[in-house]
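# Chains, contacts and geometry: an overview
Residues per chain, in single letters:
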Amino acid sequence: QVQLVESGGGLVQAGGSLRLSCAASGITFSTYAMGWFRRAPGKEREFVARISSSGASTYYTDSVKGRFTISRDNAKNTVYLQMNSLKPEDTTVYYCAADRNAWRRTRPSDYEYWGQGTQVTVSS
């Protein structure tokens, strides 16, 4: 049974920070690339960040470069998203996802497993 469970969301003022966590179980975590996506209500998921299975490489969507940092701890089967300098437009539900493919991929359909999401709200 595969589970990805996000945590760490909440309410923060613009310019503040949050760190999201995603704990995985039921998979060999160190063999999966991991991604973070976000989705406004009623809309499709949007790619945010991806990290390779080893953690050696990362990739970000332009709107979060320099503000967000994805990382992972394979010993804890956990991937993180450190979000700094948050903006109101970052407000949405954030999801983690797992991808067995070794290539950089950003489409939601490329990811095999998904968490249930955690809400991030950034006030003006």
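So, here's what we can say about the structure. (Residues numbered from 1 in each chain as written. Predicted model: local features only at pLDDT ≥ 70, side-chain atom pairs only at ≥ 80, totals over all residues. Heavy atoms only, no water.)

### Considerations on the sheet that holds strand β7 (residues 68-73)
- Spatially, the four strands line up as an open sheet ordered β1-β3-β8-β7, and their pairing is antiparallel. Either end of the sheet is taken by a strand with one partner, and the two such strands are β1 (3-7) and β7. Strand-to-strand twist across the sheet, computed as the mean angle between neighbouring axes with direction ignored, equals 15°.
- With six bridges joining them, β7 and strand β8 (residues 78-83) adopt antiparallel strand pairing. (Pairing = 2+ DSSP bridges. Helix = DSSP H or I, 4+ residues; strand = E, 2+ residues; numbered from the N terminus. Axes fitted to C-alpha atoms, helices over the stretch in contact; angles between N-to-C directions.)

### Some remarks on the state of the cysteines
- On inspection of all chains with the given rule, the structure shows one disulfide.
- Note on cysteine connectivity: C22 is disulfide-linked to C96, with sulfurs 1.8 Å apart. Linking C22 and C96, the disulfide has an S-S dihedral of approximately 50° and is accordingly described as right-handed. Of this pair, C22 sits in strand β3 (residues 18-25) while C96 sits in strand β9 (residues 92-99); the two residues are 74 residues apart in sequence, bridging distant segments of the chain. Across this residue pair, the class does not change: C22 and C96 are buried. (Disulfide = S-S within 2.5 Å. Buried < 20%, exposed > 50% of the residue type's maximum accessible area, 1.4 Å probe, protein only.)

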